[in-house]
Amino acid sequence: MYITSSSTISYQPTFKNKGFSARLTALQQNGALMEPDYSENIAPMDRRRMSAGMKMSICCMLDCLAQSMITQPEAIIVGTAMGCSLNTKIFLEKIHSAGDGLIAPTSFISSTHNTIAGQISLLLKNHAYNNTHTHNSLSFEHALIDASLCLNEGCTSALVGAADEFENDLYNMNERLNLPQIVEASGASFFTIQSKINTASAIILKAVDVCVLATDLQETTLNFLESNQINIHSIDLVLFSQSTNHTSEILERIFPHQQKINYQNLSGTYFTNSAFALHFACDMLEQNKAVKSVLILNNLIPENLGLMYIQKEEIVG
Amino acid sequence: MKIYITGIGDVSAIGLNAEENFNSLQAGISGIKKSAQHGIMLGEVALSNQEICELFKLPAYDYSRSTLLGLLAAKEAWKENTSIKEIKTGMISATSIGGLDKMEQYHFDSLNTASTTSRNKMVHDNGRSTEKIAETMGISGMIGTISTACSSGANSIMHGARLMKAKKLDRVLVGGIDPLAIFNIKGFGSLNILDPTHCKPFDDNRKGLNLGEGAAFLLLENEHSLSITKNEALCALTGWNNSTDAFHQTASSTTGIGATITMKKALEQANLSTSDIDYINAHGTGTGNNDLSESSAFINVFGDRMPAFSSTKSFTGHTLAAAGAIEAAYCVHSIIAQKRLPNLFYKTAMKETGLVPETEYSSARIRNVLTNSFGFGGNCSSLIFSQL
């Protein structure tokens, strides 16, 4: 499957900024979401009503479809660990202050995990397959696996995205991740996935897999490479996230000669930041001639592993 | 490749296991009653968190009700099966509330007092309950969680089946879970769609839905898996589809366009015609909007040859992300027992459509059963189960 467009809004200058992967510096504690001017894409009433996660998603999704010149994707699939958690918090606060009184349903309606995917179908008037995966740090990888199933079943295009909002009143990320220093962030990334392309070069997503409750990181990674016929020496770059140094120690053993980047230092921490990493990798492949293939290893939660492998393909003839 | 159902587990207001659920369906006894805790009509599961924790020897504090209800249902469906290297095994669960019962408790505590302990502030993300259940069953690897509001349970079953079709799995535990929490009780209350009495699906005088809670899991296996486990196949999952209404964030279109597309495509996928369907377990929430939209879709698909249909939400209440899975388990029962399932509290046909649901637990030839689940975001799913 081919990745024919990517779009990300994050704490970094990623939106409509080709070549950003060469220019990013580590995210600092005082970072903030770099939102574009939404007035181009989102009506004033919707801008007031929609949460950050929703606005980022709508904007990235429209950018993606425009880039790949697709008006109606044949599947819409979103990965989000916590859904629209800001609206969840707002509704809980309304319950608390209302006592037995009436509560407006707006924030409840917009709090379900599939609000984003549902809103996209409404905006596009799209009746196709629509799903939302919500398995913590692997939500995005699950969405990509779902897209690969859709393409196998005959779809020619799928819109796949991920979004999570920074929200620390409801839960404490670090309780799950156990990171010594954490820069919590928000982000949304969308991608158009297609079964066929008509350009001279393309980015191909060769393999994506998840392993939940993994006992052996090294074995799981090697199995992934073997079962997808990926030669270790053909990998130019490894992007990874980790919650203990154990991950980077194992990566040093498996990939002693490859460049390795901890993408979490760039994206900040949110459950679906592996989607940021995929866009970062796509940008690298487009801009940097020395990089022809990238392995993304998501080990944000110690026992959960997400793996993606992408490469640049020159189409001959 | 055929997808066989070899295990079912079912926890709802009408039973703590599949057999109790089926007995209640036969006896025509609804599990919906006025809740002592919440003061409204609810389909509550008759076990407290503490009681379920004791059954599984778990510390009471750390687990959301989703995890606990899910454990009960998953254990019943998984039975004594074990992890076997030769069988690629996975688990796909579904929930809309996840651990929000725990998170709302923390948030309300923190709004009331300044002294909440950080222990309460765990990330009860949806995947957490799936992982605890998978770990207890001894399943690892392809484990996922789906959340598409009230169609989640059906989408989890469908996703498991698709992973098997794509040869990524030989065997998968699929299902859905949702507990009652203040969040969903107040949320559906704010939409003004709760019937203060028993819900009356497909009745002209219906006033809304009753919320319920529960969990159900099905074990799906292919022939390779069956040849090793020697489990008995109960029936087959032959059709599935998910399509979108694209009409409104919460309401369904009166023409039922999304539901029409999904039923038609599920039939196509199962390679069946409308006359092959002998019973439909409807989404049938009892709201004015859903039952009209779904009835319109029935007429669009089946015309004047409408099969027997009913909504068992009159027994369980609307169990949200669990509904699609609980009702899938009822479809399996319908095929095994060769019975149509009743729709309680129905009196008068809807004037717009005149459709009359089944009101008796009655014997019939049941070859194929279709079940619908619709959720917020216009998310429409249909599954078809077939006799072997």
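Every value quoted in this text rests on a predicted model; they were computed, and no experiment measured them. (Residues numbered from 1 in each chain as written. Chains lettered and ligands numbered in written order. Predicted model: local features only at pLDDT ≥ 70, side-chain atom pairs only at ≥ 80, totals over all residues. Heavy atoms only, no water.)

## Points about helix H2 (residues 52-68) of chain A
For clarity, the threshold we go by: Per the convention used, a helix needs a DSSP run of H or I reaching at least four residues, while a strand needs a run of E reaching at least two, with both numbered from the N terminus. Helix span, as expected, comes to 1.5 Å for every residue beyond the first.
When the terminal C-alpha atoms of H2(A) are compared, their 24 Å separation across 17 residues agrees well with the 24 Å that a helix rising 1.5 Å per residue should span. One or two steps after H2(A), the chain reaches A:Met69, where phi turns positive at roughly 55 degrees.

## Re the environment of B:Ile326
Defined as follows: We call two residues contacting when some pair of their heavy atoms lies within 4.5 Å.
For B:Ile326, the location among the structural elements is in helix H12 (residues 323-337). Apart from residues no more than four positions distant in its own chain, B:Ile326 is found in contact with B:Asp10, B:Val11, B:Ser12, B:Gly214, B:Ala215, B:Ala216, B:Thr316 and B:Thr319.

## Here's the deal with the domain arrangement of chain A
Many structure descriptions define interface size as the accessible area lost when the parts assemble. Residues and elements named next belong to chain A. The following threshold applies: Each domain's extent is set by a domain assignment, obtained either automatically or from a database. Buried area is understood as the total, over both parts, of accessible area removed when two parts are fitted together, assessed with a 1.4 Å probe. Whenever Lys or Arg places a side-chain nitrogen within 4 Å of a carboxyl oxygen from Asp or Glu, that contact is recorded as a salt bridge. Lys, Arg, Asp and Glu make up the charged group, whereas Ala, Val, Leu, Ile, Met, Phe, Trp, Tyr, Cys and Pro make up the nonpolar group; the residues left over, Gly among them, are polar.
For chain A, the domain assignment lists domain 1 (2-194) and domain 2 (201-314). Taken over C-alpha atoms, the centre of domain 1 sits 22 Å from the centre of domain 2. Of the residues lining the interface, 47 residues belong to domain 1; the matching set on domain 2 comes to 43 residues. A buried area of about 3,600 Å², summed over both sides, lies between domain 1 and domain 2, and 68% of it is on carbon and sulfur atoms. Per-residue buried area on domain 1 facing domain 2 is highest for Tyr2, Ile3 and Ser137; these three make up 17% of the total on that side. Joining domain 1 to domain 2, the criterion identifies 1 salt bridge. Notably, a salt bridge pairs Glu286 with Lys18, separated by 3.7 Å at the nearest N-O pair. For the side of domain 1 that touches domain 2, the secondary structure elements donating two or more residues are strand S1 (2-9), helix H6 (139-152), strand S4 (157-164), helix H7 (173-177) and strand S5 (187-194). Ranked by residue count, the leading element in the side of domain 1 that touches domain 2 is H6, at 6 residues. Here the side of domain 1 that touches domain 2 is composed, by residue class, of 21 nonpolar, 21 polar and 5 charged.

## A closer look at the domain arrangement of chain B
Residue and element names in this part refer to chain B. Taken domain by domain, chain B consists of domain 1 (4-229) and domain 2 (241-386). The C-alpha-based centres of domain 1 and domain 2 are spaced at 21 Å. Listed per partner, the contact involves 59 residues of domain 1 and 57 residues of domain 2. When residues of domain 1 are sorted by the area they lose upon contact with domain 2, Leu25, Cys150 and Phe202 head the list and together hold 20% of the total. Across the pair Lys351 and Asp204 runs a salt bridge whose closest N-O atoms are separated by 3.4 Å. The element best represented in the side of domain 1 that touches domain 2 is helix H6 (residues 152-165), accounting for 6 residues. Residues belonging to the side of domain 1 that touches domain 2 are distributed by class as follows: 27 nonpolar, 24 polar and 8 charged.

## Regarding the side chain of A:Thr14
All names here are of chain A. So the rule is basically this: Note on exposure labels: buried denotes an accessible area under 20% of the residue type's maximum, exposed denotes more than 50%, and partly exposed covers the range between, all computed with a 1.4 Å probe on protein chains only. Here a polar contact means two N or O atoms within 3.5 Å. Within protein one must be a hydrogen donor candidate and the other an acceptor candidate, and residues neighboring in sequence count only if both atoms are side-chain atoms.
In this structure, Thr14 sits in the loop between S1 and helix H1 (44-49). Given the relative accessible area of 2%, Thr14 is considered buried. Within the structure, Thr14 has its side chain in polar contact with the backbone oxygen of Thr8 (distance 3.0 Å). The residues contacting Thr14, other than those within four sequence positions of it, are Thr8, Ile9, Phe20, Phe276 and His279.

## A short note on the interface of chain A and chain B
Contacts between the two partners involve 59 residues from chain A, matched on the other side by 60 residues from chain B. Buried area between chain A and chain B, both sides added, is near 5,000 Å², and the carbon and sulfur share of it is 62%. Its largest share of buried area at the contact with chain B, chain A owes to A:Phe108, A:His127 and A:Leu213, together 13% of the area lost on that side. Run the count over chain A and chain B and you get 2 salt bridges. Linking chain A with chain B are 22 residue pairs in polar contact (both at pLDDT 80 or more), by the criterion used here. Among the elements of the structure, helix H3 (85-98), helix H4 (106-109), helix H5 (115-124), strand S3 (129-133), H6, H7 and strand S6 (201-211) of chain A are those that each provide at least two residues to the side of chain A that touches chain B.

## As for the pairing of strand S6 (residues 171-178) of chain B
Residues and elements named next belong to chain B. Counted only if it meets this: When DSSP finds at least two bridges between two strands, those strands are taken to pair.
Of all 8 residues making up S6, 8 are buried, and the element is well covered by its neighbours. Burial along S6 is two-sided: the face carrying Arg171, Leu173, Gly175 and Ile177 and the face carrying Val172, Val174, Gly176 and Asp178 are both buried. Relative to strand S8 (residues 214-221), S6 is paired through 8 bridges, and the arrangement is antiparallel. Each residue of the ladder has a partner; that of Leu173, found in S8, is Leu219.

## So, the pattern of salt bridges
Any two side chains of opposite charge can pair, given that their charged atoms come close. One pass over the full model with this rule turns up 15 salt bridges over all chains. A salt bridge links B:Glu135 to B:Lys132, with the nearest nitrogen and oxygen atoms 3.8 Å apart. Within this pair, B:Glu135 and its partner B:Lys132 are both found in helix H5 (residues 126-137), separated by 3 residues, close to a single helical turn. Across the pair B:Arg340 and B:Glu358 runs a salt bridge whose closest N-O atoms are separated by 3.9 Å. With B:Arg340 in strand S12 (residues 339-340) and B:Glu358 in the loop between S12 and strand S13 (362-363), the pair connects residues that are 18 residues apart, well separated along the chain. The exposure class of B:Arg340 is partly exposed, given its relative accessible area of 26%. Each of A:Asp146, A:Glu153 and B:Arg162 takes part in a single network of salt bridges with overlapping partners.

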